[in-house]
Amino acid sequence: MTKRSMIVRGALLALYIAVGIWAYSTGKGYKIFVDNTDPAVAGAITVAIDGATPVKVRLGGYTGIMVKGTGSHRIKIMREGAPDFIGEFRFPPESTAAALAVSGIRPGSEIVVTPVDPETRDR
Amino acid sequence: MTLKADKLGKFLSDNIVTVIFLALTLVAIPFSRLSGTYILSNLIDRFARSSFLVFALILPIMAGMGINFAMVLGATAGQIGLIFAIDNNIMGVQGLVYASLLGMPISILLGWFCGQILNRARGREMVTGFILGFFMDGVYQFFGLYVMGWLIPIKTGQVAQIDGGGVRNTLGLESVRGGLDKIISLKIGPFAFPIVTFAVIALLCVFIIWFRKTKLGQDMRAIGQEQGVSHSAGINVDRTRILAIVISTLLACLGQIIYLQNMGNMFTYTSQRQAGYFAAAAILVGGATVTRATIKNVFIGVFLVHSLYITMPLAGKELFDSAMIGQYMSDFINFGIISLALVLHAWRNRRNADLARAGLRGGAALAAAGGDK
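This structure is a prediction, so every number in the text was calculated from the model and none was measured. (Residues numbered from 1 in each chain as written. Chains lettered and ligands numbered in written order. Predicted model: local features only at pLDDT ≥ 70, side-chain atom pairs only at ≥ 80, totals over all residues.)

### Section: the overall build of chain B
Inference 1: Scanning chain B from terminus to terminus reveals 14 helices and 4 strands.
Inference 2: Against the 2.2 N^0.38 benchmark of 21 Å for 373 residues, chain B shows a C-alpha radius of gyration of 22 Å, consistent with a compact globule.
Inference 3: The C-alpha extent of chain B, read off along each of the three principal axes, is 75 × 55 × 35 Å.
Inference 4: For chain B, the proportion of contacts with a sequence separation of at least 24, taken over those separated by at least 6, is 72%. (Helix = DSSP H or I, 4+ residues; strand = E, 2+ residues; numbered from the N terminus. Rg over C-alpha atoms; globule rule 2.2 N^0.38 Å. Contact = placed C-beta atoms within 7 Å.)

Now the structure itself:
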């Protein structure tokens, strides 16, 4: 094998690994539990994160939604079909799942997201 | 008049499989009572789903190895990649890239292994490939049911069986569903065109056209014509045949990932087998033989087979008052087509041999009149 072909093969291998790392780090999914336990709010809400298909969250319950990658995510909350709140939140680093309480959302203030254990929460 | 009849006879003889399938589809459409819009929108979706997979069969046919039933090995590799992507929660197109990166080395290894065996079973490649597919099923089941969860830990309950050992029989692929199709989806009226998937299929077509013109492609065609002469001409026949199978297995791996991201769920232990049967039926219905296949055959075959899949269950319901019978008929026709194509191939080979013998005996006129080679 010539030196040139060794360099080409090495570069291809490095590219292969780099693409793998990119896919893993940017595509990794995390679960966000959206709580709708606000006593002041009547009725179910519909939540869409990062433009995905909206998911209904019944009053007094919660729903787990998968988001791609940590970092910033866009959330849209709708009541009775009309947009009620649009904002952004940051997924807590070093955690695989987090909870977001709709009752804690105040227009103009940062959305609070707390890390949770997905196994216990899923039950 | 006789010349016209001869031409028609030759056309029917060469395209009998396609003609039968087209006739069945045309009969099934009115009975199904489905609208043209429904059939067409379904066809567009299914075309994006399966075309890549069927392309995997072209190169081995070109190299004279017949229908590569061992493409099941590549499809299995793609499924292993997807299992890991789902277990690691890799979503969207990144999940598909991750699955491809894991599946490709496995498919290359399996393709090399398969090529080695097929070289030792020269002349009986199709039946050997078929049995290799069954052998791989056993290995894959051992891997999925015992190695996964025992040697390789499964991280999520979505993948693991209830007792924690082995991979579930059915996997939901929601996190990667439409990962490729939905990157750019062009909506024209009631029809949605997955542009990126079509672009990938177009790229593969360009690759195949280019590949046929390369030295390796020419070598494969020469080997497909006559192995002994190719060997005498200095072509490394064994290596070229192995490469044909390796590329086919690799394409089957990627094709299966594209197929499953469109479906959105995976029957862990059977999806790969269905992929092999479907691809074989589609390319044969498209007019390919076990010795000749083109891009046109792939497109016609995918179009016709899916037309029948869409219409037959409902036509069966209308005709026999049971959608199940329509489904059985689709499967029966699928396998029947594979059998018919293989029987026709054997019949043509025998007829050509008879004609050649007659020609040697001085019956040159007979050979010229009836020969189709």
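From this point on, the discussion continues.
### Details of the interface of chain A and chain B
Inference 1: On the side of chain B, 10 residues touch chain A, which itself brings 11 residues to the contact.
Inference 2: Sorting the residues of the side of chain A that touches chain B by element identifies helix 1 (3–27) and strand 4 (62–68) of chain A as the ones contributing at least two each.

### Comments concerning the environment of B:Gly165
Residues and elements named next belong to chain B.
Inference 1: As for its position among the elements, Gly165 is in the loop between helix 6 (125–147) and strand 1 (170–172).
Inference 2: On the basis of neighbour count, Gly165 is assigned to the partly exposed category, with 14 C-beta atoms found within 10 Å.
Inference 3: Along the backbone, Gly165 and Trp150 are 15 residues apart, and their C-alpha atoms lie at a distance of 6.6 Å.
Inference 4: Setting aside residues up to four positions removed in sequence, Gly165 forms contacts with Gly149 and Trp150. (Buried ≥ 20, exposed ≤ 12 C-beta atoms within 10 Å, placed from the backbone.)

### Observations regarding the sheet that holds strand 1 (residues 29–35) of chain A
All names here are of chain A.
Inference 1: With mixed pairing, the 4 strands of this open sheet are ordered in space as 4-1-7-8. If you trace the sheet from one side to the other, it starts and ends with strand 4 and strand 8 (113–115), each paired once. Each neighbouring strand pair of the sheet contributes to a mean axis angle of 30 degrees, computed without reference to strand direction.
Inference 2: As defined by bridge partners, strand 7 (residues 97–101) adjoins strand 8 across 3 bridges and the pair is classed as antiparallel. Looking at the pairing, Ala99 lines up with Thr114 of strand 8. (Pairing = 2+ DSSP bridges. Axes fitted to C-alpha atoms, helices over the stretch in contact; angles between N-to-C directions.)

### Thoughts on the pairing of strand 7 of chain A
Inference 1: With 5 bridges connecting them, strand 1 of chain A and strand 7 of chain A associate as parallel partners. Each residue of the ladder has a partner; that of A:Lys31, found in strand 7 of chain A, is A:Ala97.

### Concerning the nonpolar core
Inference 1: Ranked by size, the top nonpolar core spans 100 residues in total, and within it B:Val54, B:Leu57, B:Met71, B:Ala279 and B:Ile283 carry the most contacts.
Inference 2: Tallying contributions element by element places helix 10 (residues 237–263) of chain B first for this core, with 14 residues.
Inference 3: The residues that make up this core include at least three from each of domain 1 (1–32 + 298–373) and domain 2 (49–285) of chain B.
Inference 4: Discounting residues that sit within four places of it in the chain, B:Met71 has contacts with B:Ala56, B:Leu57, B:Ser248, B:Thr249, B:Ala252, B:Gly276 and B:Ala279.
Inference 5: Core analysis: the second largest hydrophobic core is formed by 18 residues, A:Val47, A:Phe91, A:Ala98 and A:Leu100 among them. (Core = buried A, V, L, I, M, F, W, Y, C linked by C-beta atoms within 7 Å. Domains from an automatic or database assignment.)

### Brief notes about unusual backbone geometry
Inference 1: Phi is positive for B:Arg33, close to 60 degrees, though the residue is something other than glycine.
Inference 2: Along the chain, B:Arg33 falls in the loop between helix 1 (2–32) and helix 2 (36–55).

### A look at helix 6 of chain B
One full turn of an α-helix is made of 3.6 residues, so residues set three or four places apart face in the same direction.
All names here are of chain B.
Inference 1: The set of residues buried in helix 6 consists of Glu125, Met126, Thr128, Gly129, Leu132, Gly133, Met136, Tyr140 and Gly144.
Inference 2: Residues of helix 6 that are buried sit in contact with helix 4 (71–87), helix 5 (92–120) and helix 11 (271–285).
Inference 3: Positive phi appears at Gly149, one or two residues downstream of helix 6, with a value of about 95 degrees.

### A look at the environment of B:Tyr269
All names here are of chain B.
Inference 1: For Tyr269, the location among the structural elements is in the loop between strand 4 (265–267) and helix 11.
Inference 2: Its 18 C-beta neighbours within 10 Å are what place Tyr269 among the partly exposed residues.
Inference 3: The spacing of Tyr269 and Leu22 is 247 residues in sequence and 32 Å in space, taken between C-alpha atoms.
Inference 4: Excluding its chain neighbours within four sequence positions, the residues that come into contact with Tyr269 are Gln141, Gly144 and Asn169.

### Notes on the confidence of the model for chain A
Inference 1: The share of residues in chain A with pLDDT of 70 or more is 91%, and the mean pLDDT across the chain is 83.
Inference 2: Averaged pLDDT values for the elements of chain A fall to 64 in helix 2 (residues 118–122) of chain A and rise to 93 in helix 1 of chain A. (pLDDT = per-residue confidence, 0-100.)

### Let's talk about the confidence of the model for chain B
Inference 1: Averaged over every residue, the pLDDT of chain B is 88; the share at 70 or more is 96%.
Inference 2: Predicted complex metrics record ipTM = 0.80 and pTM = 0.87.

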